[in-house]
There are 2 protein chains.
Amino acid sequence: MAGDRSDHRVLQYEQSLMYGRYTQELGVYAKEEATRLKESEKKVSQPSRTLEHDDGCCAKFGPFRWLKFLISLIGEDWIFFFLLGLFMGLTSWAMELGIIMLQKGQKWIYGRLDSNGFLQYLGWVGYSVALIMFSAGFTQIVSPQAAGSGISEMKTILRGVLLKEYLTFRTFVAKVISLAFALGSGMPLGKEAPFVHIASLCGALLSKLPVFRGIYENESRYREMLAAACAVGVGCVLAAPVGGVLFSIEVTFTFFAVRSYWRGFFSVTIAAFFFRVLAVWYKDEETVTALFRTHFQVDFPFDLKEIPAFAFLGIISGFGGALFVYLNRRIAQFIKKQKLFNTFLMKKCLVYPVMVTFLISSLLFPSGFGQFMAGELTQNEALVTLLDNRTWTKDGVAEEFDYIGNARVWMHPQVTVFGTLALFTIMRFWMCALAITMPVPYGAFMPVLVIGAGLGRLVGECMAFWFPDGIHTGHAIYPIVPGGYAVVGAAALSGAVSHSFSTVVMVLELTGQISHLLPALIAVVLANLVAQSLQPSIYDSIIKIKKLPYLPELGWGQHEVYNIRVEDIMVRDVQYITLSCSYRDLLNILMKSRLKALPLLKSAESMILLGSIERAQLQSLLSQQLSRARRLQCIKERGAEEKTILSTESNPPSNNNSSLQTGQEEGHIQITNEELHLPPVVERPTDLSNSSQDESGVTLRSIFCASSDAEEVQDDRDVQDPTSEITDWEARQLDERVNFNNCKINPALIQLLECTSLHKTYTIFSLLGLDHAYVTRIGRLIGVVSIKELRKAIDGSMTLKGVKVAPPMATFRNSSLSSSQNETTYLQAVRPPEEHANNAPKHVC
Amino acid sequence: MAGDRSDHRVLQYEQSLMYGRYTQELGVYAKEEATRLKESEKKVSQPSRTLEHDDGCCAKFGPFRWLKFLISLIGEDWIFFFLLGLFMGLTSWAMELGIIMLQKGQKWIYGRLDSNGFLQYLGWVGYSVALIMFSAGFTQIVSPQAAGSGISEMKTILRGVLLKEYLTFRTFVAKVISLAFALGSGMPLGKEAPFVHIASLCGALLSKLPVFRGIYENESRYREMLAAACAVGVGCVLAAPVGGVLFSIEVTFTFFAVRSYWRGFFSVTIAAFFFRVLAVWYKDEETVTALFRTHFQVDFPFDLKEIPAFAFLGIISGFGGALFVYLNRRIAQFIKKQKLFNTFLMKKCLVYPVMVTFLISSLLFPSGFGQFMAGELTQNEALVTLLDNRTWTKDGVAEEFDYIGNARVWMHPQVTVFGTLALFTIMRFWMCALAITMPVPYGAFMPVLVIGAGLGRLVGECMAFWFPDGIHTGHAIYPIVPGGYAVVGAAALSGAVSHSFSTVVMVLELTGQISHLLPALIAVVLANLVAQSLQPSIYDSIIKIKKLPYLPELGWGQHEVYNIRVEDIMVRDVQYITLSCSYRDLLNILMKSRLKALPLLKSAESMILLGSIERAQLQSLLSQQLSRARRLQCIKERGAEEKTILSTESNPPSNNNSSLQTGQEEGHIQITNEELHLPPVVERPTDLSNSSQDESGVTLRSIFCASSDAEEVQDDRDVQDPTSEITDWEARQLDERVNFNNCKINPALIQLLECTSLHKTYTIFSLLGLDHAYVTRIGRLIGVVSIKELRKAIDGSMTLKGVKVAPPMATFRNSSLSSSQNETTYLQAVRPPEEHANNAPKHVC
């Protein structure tokens, strides 16, 4: 659990980063061709196999030939995003049905057991606990990556980091089923944010269909597709296409390509269409309308004099949103810190969700405490009632008229409407913040929306109480519409928690009425103003909690980023290798530093930067130089020509080793081990965990063990050779000059200058998904800036020139986030599996 | 007009590009300080001037000290964007008032002159012509840059190109006043697109206010501010904040920062609020509602079976949109081609708009042909009537009920409603395409929206005619609502013309009803699908017509961009200079090539790229080496030490020339000519047109004249020296090695690889606003890619590996755009004025 294990993880993760990002896949095309050839050879039944250049148009698979032709005629993208939309619409609709059934189940049990209060309680709580247990267990067993909202992870993936197993079929199944059960349990969870992940999963899986084979293998295109797919997620759940796309963009991206936005729009239109059409066909509704349709008066929705009240609601929502994020993070951090508790939870991962569910479900029990806070209602039902266009009170007393459906539960003989609304809001508030720490798939959007609606309704009812005849001074009397306040509150609170403006659009689309646009906009703007200066968004907060490799957002007030320069934050003491260094230098530098990639200079004097070489590449060079194969060859050669063995070899080892099939044009080094009858030696760069199979020499073993904390080298076949002789031989080998001929050198595509501003650096890093960049002065290397330095500078932990980098109001934010000194991450992001290899985000090539 | 003149312009433009982009303003800070010092010195009345480090927080101006402190406390951005919103709201409202007054003026005249048909006609047409004449004349005199929509130019500016005079106060005044008059004339023009320009102008001007001094001087921040300001434009005109922001983003950006989107949202909320509140205060309305409020039934807005009709409408709109763009471009190109006509127009710039206005106004004359096409209505009035929620016909005969206000004009005794609608649509269609070629400020959005509404209404009325009892099969009868079709048609046609989806949101915000969201989305998606595969958007089309330096958008179908690599499109024969080259080499290369910047290599053997040097820098080096000042100095020195004069000087000229105040720390070379009592010599890099004042030697003169087509060197003071002696001296000077010590070397920040895909190259160029990038292989220069090659590759004029790059349906598009072989541009973008210098987009530093 401790030190070395986590170090190992860090390294794996670093390796994956390195692999995901710095591999200059010079030979990707050749490799694809080879894979395709192999695959085709398997299908011997196909006689008409052509090896023509695959430009994405010609079909190679008989049954799909015409389909492919058709697709290429219309355009793959249109077809793909049509299918994605269709599929997402179906998924969304099917899940909706399942969730409603599960929720009805709980009510049915509750109704059947009404003879015995305790049994009823047991049934109510037991049902929730059972569903959550199933959800958590299923997630744990099938794909732990499915837990959580997924937005934070998608944000990281789109930033260019490869997170393993996040886009697989297993995760899809786990996410969909667990989410349905988690929501069916009646916990205050939502399904909006997880749908961003589900949509991306759908996109990733669809792109692997045979018809689309070869189209989305290109990494750029794959990432573009993922970006568009992300945008589809929310829209199809809420049948709010426009707001959904915007919301997905706001919460997932720093920079967004307008191209992807179009694709997202196209797809979400299809998704929303099918989602709603299915509802009509299923006879739920007569035609396509909004999900939570309101019936406010359209001629005079609100008075201008009400604007201050809406603004006030926005400001409260802002504080509420910040508090929500803070509370959630505190709970998550508290649970992480309890070591005893934590180890216990690690073993019995179901204990925690069961405890939480038990607590929340007990409080919501409709015959118990739940009667004071409309515990009976599901979230959707609660929202519908809260958006009611009538006023619930008259002079402070609950009105007696026929409430729509469930609205009657808000009235309680002992408590006024104000009381139930306040209780509802406050209790749900912390319940939701607590519930979204459970290891199940969850979203916080819908519960927060409902809480916001509750808060808004409360303010609205108060306004209606204070101004029973409305505020308008004209001829007609326009009473105040508390439902309008509910709409505005919903938009404001959800906007504050997620730091987005598009909740306005989403809420208006949900209600089907646009009349409250202006007050909603004002409230959301104010809520965002408050919340953004106090806390990060819930998704950024989760990124911080999970310690995902992501750059924090630049806040509004941080104008210092324009004044800080790269020279203020860069690391000046750069470790490097030169073209003329020896293998011993290489060894030393590998032992000394833990950098993922090392800069290659022309010479130590000129300091001219030629590019960078990955650590794994260098390790491979070393291992090759000291490999058993080479040693045996040397011994053989010594046998043949005894005298010349000690003269320095100027030829590179791989060149005179005839058994090495160097894929020079690819930049890849591949040794056919079959020819050597030896275990793989140079597969190391692709998978470090293979090093146990490696029969490295003494030095090599020491360096790999030291530098990578890999598993101990088990293979002791080397003991047959006298160790001293090997050491001697290795020492000689180490003195040779490194031959970089077959080494992949990544050009330093982005070079910064000392005077580049922090803002520009941030922009470049975000835009191009960089992890580090070298700082040069007329070609000479003078420093390096990595994402770590950037993060530090942006988070304000650096004071430069007497300028504190943090924004004025950020002290609260900093203190609550300062616990990130431990940069360990628990990502299991290693070498991507074969089918992912092409999709791995790479550097600018 | 011909060759040399346009060449000169090209050069000026290239120079400006070079200046705008490649200047590595290492000394920007020092320069700013100097400017500030000067300014402060002017204000001698202020005793407390401190020279402290300006970090944007401390105030230097007494009266603004506290204001600045307050601003820095709240955050400059919030304040700035609040002010921007407020100002835009006021501007928009004031313009609206002015336009309405002008439009009423025409109707008043028409009404007063109804006694005499011909007088009435004269009054009607004369009024329009007079207003357009004023508008065109005012634009021409005050600021020709104010003509046009401005979106194309803003797109280019945000792309990183500096367009001179586009963001000045003069332009603002010209744009606002001319636009009001142009719209008041009743021509089919809109004010939405120009407001993007106006908002950017407002932002640029506001940022120069004393309170914001020093805050938006940073170039990154300035550009970010412009991006957000752009987003404000449309929203405040239509009181459609959400749709407006989205529309501005869609039409202006390729990549968008979510940060800017938030700022835009904030600002547009303020703007829309004030715009609408002013309307309420002005007693136009009782409260804040939508501009063109509709009153459709909300319970059953449309039947699902109507979706095919909406889809059909979308497809027609798509073709219509493409045709509109094609027609507009054809007209513009036709007029440009007519040489005789053109020179005539150049001289009398008012003739063309008068002709166009006369034609259109005559056709619209309400008592004439206009009676068949509702010529009497202004665009807003027409839109209101078209969105009427009742059906105008019953069994093909016009219904007789009390039409809202002006709707009666659609009924004509001779022509059916279908006829007037069709005529309205068709006539307005070409009229608008023609009108937006006039040299006045214009937008095409609103007219196209109205045309789309007309088209939609036509389809809707047809549907109502074919299905008088509606399509619904249930119990209730829901008649078809033609107004709904008008809404959908408006969104679809405007979406097709501008290639945007957000028109949906905008139209729904305009009508205040969201019920037709789904059909509108479907129609817009289909319209975009059709239009995007046939034609570029109207704004891209204008960019092509104006030959602005912008990359075309990547189309949907262009999946080949992923397969083409940089090596396929790069220029391999790169001209370069080396560290060890002589001045003669420099001279030769400057004579030979016309590149804006030349790569600097370590040596011709190693080919290692160190960076690039601007042409102007090199010219400055040369002119310095061969300058009269230096020659005189040499003669003086020769006089002093006769013997050593011919020995090669190893010291750089600028170092032993004590009268040269080299701003070494700034990287600038400045010679104080006052000390030398000579005209300026090395001011050349900043302004090439000064070369006539220069007393260059023979060689120098020849190279400048040859390479820049500058005006002939008039100054013949050199004749007093024997030319042969000068030539000899120059020959000796040219053999010296170039001293790059004081030369600004721009590091090649972005280096591409041979295998970088076209798509990635495009992305990098777009994101970072590049103009060219070098292609390297392990530090060695092997080629260069400029925006020209990229444009060619994307436009499909390159066939590579047998792959035609253009999308399948683009033949029509290509043939119509192929007339761009002449890359001449008429931008007058030279060295930016002093106050712009800091805002000039620079390279990554």
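Residues numbered from 1 in each chain as written. Chains lettered and ligands numbered in written order. Predicted model: local features only at pLDDT ≥ 70, side-chain atom pairs only at ≥ 80, totals over all residues. Heavy atoms only, no water.

**Section: the overall build of chain A**
Along its length, chain A carries 32 helices and 13 strands. Out of the 845 residues belonging to chain A, those deemed buried represent 64%. Taking the contacts inside chain A whose residues are at least 6 apart along the sequence as the reference set, 75% of them involve residues at least 24 apart. Surface accessibility of chain A: about 31,600 Å² in total, with carbon and sulfur atoms responsible for 60%. (Helix = DSSP H or I, 4+ residues; strand = E, 2+ residues; numbered from the N terminus. Buried < 20%, exposed > 50% of the residue type's maximum accessible area, 1.4 Å probe, protein only. Contact = heavy atoms within 4.5 Å. Areas by Shrake-Rupley, 256 points an atom, 1.4 Å probe, with all protein chains shown as cover.)

**With respect to the sheet that holds strand 4 (residues 577-578) of chain B**
Residue and element names in this part refer to chain B. The sheet built from three strands is open, its strands ordered 4-5-6 with mixed pairing. Strands with a single pairing partner mark the edges of an open sheet, and in this sheet they are strand 4 and strand 6 (609-614). Relative to strand 5 (residues 597-601), strand 4 runs parallel, the two sharing two bridges. When the bridges of strand 5 are listed, Ile577 appears paired with Leu600. The strands touched by helix 24 (residues 615-625) within the sheet are strand 4, strand 5 and strand 6, with strand 6 carrying the most contacts at an inclination of about 75°. (Pairing = 2+ DSSP bridges. Axes fitted to C-alpha atoms, helices over the stretch in contact; angles between N-to-C directions.)

**What about the pairing of strand 10 (residues 772-777) of chain B?**
All names here are of chain B. Most of strand 10 is tucked away: five of the six residues are buried. Bridge count for strand 9 (residues 751-752) against strand 10 is two bridges, and the pairing is parallel. Bridged to Leu752 within strand 10 is Val775. Where the polypeptide runs from strand 9 across helix 30 (residues 758-768) and back to strand 10, its parallel neighbour, the crossover connection is right-handed. With six bridges joining them, strand 10 and strand 11 (residues 780-786) adopt antiparallel strand pairing. The partner of Ala773 across the bridge, within strand 11, is Val785. (Right-handed = clockwise from strand over helix to strand, strands pointing away.)

**Things to note about the pairing of strand 5 of chain B**
Residues in a regular strand point their side chains to alternate faces of the sheet. Residue and element names in this part refer to chain B. Burial analysis of strand 5 places five of its five residues in the buried class, which makes it a mostly covered element. A two-sided burial pattern is seen for strand 5, the buried positions comprising Ala597, Pro599 and Leu601 on one face and Leu598 and Leu600 on the other. In this structure, strand 5 lies alongside strand 6, joined through five bridges in antiparallel fashion. Bridge pairing in strand 6 places Leu601 opposite Leu609.

**Observations concerning helix 18 (residues 482-498) of chain A**
Residue and element names in this part refer to chain A. Taking 1.5 Å of rise per residue, the 17 residues of helix 18 would be expected to cover 24 Å, and the 24 Å separating its terminal C-alpha atoms lies within 8% of that figure. The buried fraction of helix 18 is high, at 17 of 17 residues. Among the residues trailing helix 18, His499 stands out with phi positive, at a value near 55°. (Expected span 1.5 Å × (residues − 1).)

**Overview of the packing of helix 19 (residues 503-511) of chain A against helix 20 (residues 517-534) of chain A**
Residues and elements named next belong to chain A. Remark: helix 19 packs on helix 20, axes separated minimally by 9 Å, with the N-to-C direction vectors making an angle of 145°. Our pair here, helix 19 against helix 20, has a crossing hand that is right-handed. Along the contact surface, helix 19 presents Thr503, Val504 and Leu508, while helix 20 presents Leu517, Ala520, Leu521 and Val524. Among the residues making up the contact of helix 19 with helix 20, the classes are represented as six nonpolar, one polar and no charged. (Left-handed = near helix turned anticlockwise from the far one by under 90°. Nonpolar A, V, L, I, M, F, W, Y, C, P; charged D, E, K, R; others polar.)

**Topic: helix 7 (residues 169-184) of chain B**
Residues and elements named next belong to chain B. For helix 7, spanning 16 residues, the distance from its first C-alpha to its last is 23 Å, which sits close to the expected 22 Å at 1.5 Å a residue. Taken residue by residue, helix 7 has Thr171, Phe172, Ala174, Lys175, Val176, Ser178, Leu179, Ala180, Ala182, Leu183 and Gly184 as its buried positions. Those residues of helix 7 that are buried lie in contact with helix 4 (76-112), helix 5 (117-142) and helix 8 (192-206). Directly after helix 7, the chain includes Gly186, whose backbone phi takes a positive value near 85°.

**What about the sheet that holds strand 10 (residues 772-777) of chain A?**
Spatially, 9-10-11 (chain A) is the arrangement adopted by the three strands of the open sheet, whose pairing is mixed. Edge strands, defined here as strands with exactly one partner in the open sheet, are strand 9 (751-752) and strand 11 (780-786) of chain A.

**Here we look at the confidence of the model for chain A**
All names here are of chain A. Overall, the prediction assigns chain A a mean pLDDT of 71, with 69% of residues at 70 or greater. Confidence drops under pLDDT 50 across residues 1-34; counting only partners more than four residues distant or on other chains, this segment forms 89 contacts. Note on residues 797-845: pLDDT under 50 across the span, and 125 contacts to partners over four residues away in sequence or across chains. Overall fold confidence for the complex sits at a pTM of 0.73, while the interface term, ipTM, reaches 0.71. (pLDDT = per-residue confidence, 0-100.)

**Topic: unusual backbone geometry**
Residues and elements named next belong to chain A. Notably, His499 is not glycine yet its phi reads approximately 55°, a positive angle. Mapped onto the elements of the fold, His499 is located in the loop between helix 18 and helix 19. Residue His499 is classed as buried on the basis of its relative accessible area, which comes to 9%.

**Looking at the pattern of salt bridges**
Two side chains of opposite charge can pair, provided their charged atoms sit close to one another. Inspection of every chain in the model, using the stated rule, returns 10 salt bridges over all chains. Between Glu461 of chain A and Arg457 of chain A there is a salt bridge whose closest N-O contact spans 3.0 Å. Taken together, the positions of Glu461 of chain A and Arg457 of chain A, both in helix 17 (residues 445-466) and four residues apart, correspond to about one turn of that helix. On the basis of relative accessible area, Glu461 of chain A is assigned to the buried category, the value being 0%. Residue classification places Arg457 of chain A among the buried residues on the basis of a relative accessible area of 0%. Across the salt bridge formed by Glu96 of chain B and Lys191 of chain B, the nearest N and O atoms sit 2.6 Å from each other. Of this pair, Glu96 of chain B sits in helix 4 while Lys191 of chain B is found in the loop between helix 7 and helix 8, placing the two residues 95 residues apart along the sequence. (Salt bridge = Lys/Arg side-chain N within 4 Å of Asp/Glu carboxyl O.)

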